[in-house]
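# Residue-level structural notes
Residues per chain are reported as follows:
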Amino acid sequence: MVDNALTEKVLLATGGYDHTIKLWHANTGVCNRSLTHLDSQVNALEITPDRQLLAAAGFQHIRMYDLNSSNPNPILNYEGISKNITGVGFHEDGKWMFTCGEDCSARVWDLRSRNLLCQRIFQTTAPITSICLHPNQCELILGDQSGLLHIWDLKTDHNEQLIPEVDASIQCVAIDSSANYVASVNNKGNCYLWRYNGNGTKLSPEHKINAHRKYALHCKFSPDSTLLVTSSADHTALIWKTSDFSLKQELKNEKQRWVWDTAFSNDSEHLLTASSDFVARLWNVESGNIEREYEGHQKALTALAFCDPYS
């Protein structure tokens, strides 16, 4: 058996195109375990709120791995989806999981059910590229390849749509922990921000950032809501201040390629990135310096998940 202290340490999971998921002690850079993810690349990773399981989204399935076991194989498989699953996440109490994918659907899965079937489906007319959960745990925000931003109210089943930019595919959506802002990035390198109004029910356009000169891939707010990171095919991750949307830091390295995924540390002082050059990196946000590199994958890294036991 693996030492159960694994989930008490700062844990980083990385995955991509080499059919392997690696688990690292993030603060030492030591790879603790490798998990097998056969038949598919890894599109997205997420750790359950209780830090017991790791979800890996791939082609036609979501696989769940036990973080407290030495078993390298998944213990649960959620299937029945026809195309790539592009996003995965969890309710804050771990009651249910949400996913989205290229089959133009978002799904809600009851994790307390034994049948491993999804309970609710939200259908769009274009492949869904990204999904995130509002801090109120009642709304899912989705972006699709047609350029639509959807807000799905799980209580009423009502949905609203926004179009930040015509003829531009939304590649990622994010909401900050204070539920002040929603961000999206698109394939033209632009980032759009909306602000929730006083009662937190309506979004109003707030700002547009011409963030990258190439395809944008990812965006995420820091835990303290003061920063926003955008990453891109231009080999950079850019960190913006949410106070005035000015550029705080450019994170780049001559070896780094497309930056597919990012995660902030709980104190918002460090950023993790996953890149096509097979490497994950830990950056100091203030200095822009690389503090650690996580090397061991044989192909492009497209996903990471980060867990701070002190969060």
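What you see is a predicted model; the values in this text were computed from it and never measured.

### Quick notes on the confidence of the model for the protein
Per-residue confidence for the protein gives a mean pLDDT of 92, with 95% of residues at or over 70. Every residue in residues 1–7 scores below 50 in pLDDT, and together they form 19 contacts with partners more than four places removed in sequence or on other chains.

### Some points on the packing of aromatic side chains
For any pair of aromatic rings, the description rests on two quantities: the centre-to-centre distance and the angle between the ring planes. What the rule picks out here adds up to 7 aromatic pairs. On the basis of an interplanar angle of 25 degrees and a centroid distance of 5.1 Å, the ring pair of F122 and W152 is categorised as stacked. Placement of the pair is F122 in strand β11 (residues 118–123) and W152 in strand β14 (residues 149–153), with a sequence separation of 30 residues. Across the pair, W152 and F122 agree in class, each one buried. Following the ring pairs from residue to residue traces out a cluster consisting of Y215, W258 and W260.

### Some details on the UniProt feature "repeat: WD" (unreviewed entry) in the protein
Using the residue numbers shown here, the UniProt feature "repeat: WD" (unreviewed entry) corresponds to residues 11–34, 78–119, 209–250 and 259–293. End-to-end, the C-alpha atoms of residues 11–34 are 13 Å apart, and along that stretch the chain is 0% helix and 71% strand.

### Some points on the sheet that holds strand β27 (residues 290–294)
Strand pairs in the sheet, formed through backbone hydrogen bonds, run parallel or antiparallel to each other. Strands sit in the order β24-β25-β26-β27 across an open sheet of 4 strands; the sheet is antiparallel. The strands lining the two open edges of the sheet, one partner per strand, are β24 (259–264) and β27. Between one strand axis and the next, the sheet turns through 20 degrees on average, direction left out of account. Strand direction decides the pairing type here: β24 and strand β25 (residues 270–275), joined by 5 bridges, are antiparallel. Paired with A263 across the strands is L272, a residue of β25.

### Comments concerning unusual backbone geometry
Negative phi values dominate among residues other than glycine, just as trans dominates among peptide bonds. In the Ramachandran plot, D39 falls in the positive-phi region, its phi being about 75 degrees despite a non-glycine side chain. As for its placement among the helices and strands, D39 is situated in the loop between β3 (30–36) and β4 (44–47). Of note in this structure, S268 is not a glycine but carries a positive phi near 65 degrees. Locating S268 in the fold gives a position in the loop between β24 and β25.

### Focus on the sheet that holds strand β1 (residues 11–16)
Pairing in this open sheet of 4 strands is antiparallel, and the strands run β3-β2-β1-β28 from one edge to the other. The open sheet has two free edges, formed respectively by β3 and β28 (301–307), since each of these has just one partner strand. Strand after strand, the sheet turns through a mean of 20 degrees between neighbouring axes, direction not considered. Sheet analysis places β1 next to β28, joined by 6 bridges and oriented antiparallel. Looking at β28, one finds that T14 is bridged to L304.

### Looking at the side chain of D234
Turning to its location among the elements, D234 is positioned in the loop between β21 (227–232) and β22 (237–241). One buried charged residue, D234, forms no salt bridge at all, with the nearest opposite charge on R213 at 4.3 Å. Among the polar contacts made by the side chain of D234, one reaches the side chain of H212 at a distance of 2.9 Å. For D234, the side chain forms a polar contact with the side chain of T236, separated by 2.7 Å. Ignoring any residue separated from it by four or fewer positions in sequence, one finds D234 in contact with H212, R213 and K214.

Conventions we followed
- Residues numbered from 1 in each chain as written.
- Predicted model: local features only at pLDDT ≥ 70, side-chain atom pairs only at ≥ 80, totals over all residues.
- Heavy atoms only, no water.
- pLDDT = per-residue confidence, 0-100.
- Contact = heavy atoms within 4.5 Å.
- Phe/Tyr/Trp six-rings, centres within 6.5 Å; stacked < 30°, edge-to-face > 60°.
- Helix = DSSP H or I, 4+ residues; strand = E, 2+ residues; numbered from the N terminus.
- Buried < 20%, exposed > 50% of the residue type's maximum accessible area, 1.4 Å probe, protein only.
- UniProt positions renumbered as here; feature names shortened; annotations may be inferred.
- Pairing = 2+ DSSP bridges.
- Axes fitted to C-alpha atoms, helices over the stretch in contact; angles between N-to-C directions.
- Lys, Arg positive; Asp, Glu negative; His and termini not counted.
- Salt bridge = Lys/Arg side-chain N within 4 Å of Asp/Glu carboxyl O.
- Polar contact = N/O pair within 3.5 Å; in protein donor to acceptor, adjacent residues only side chain to side chain.

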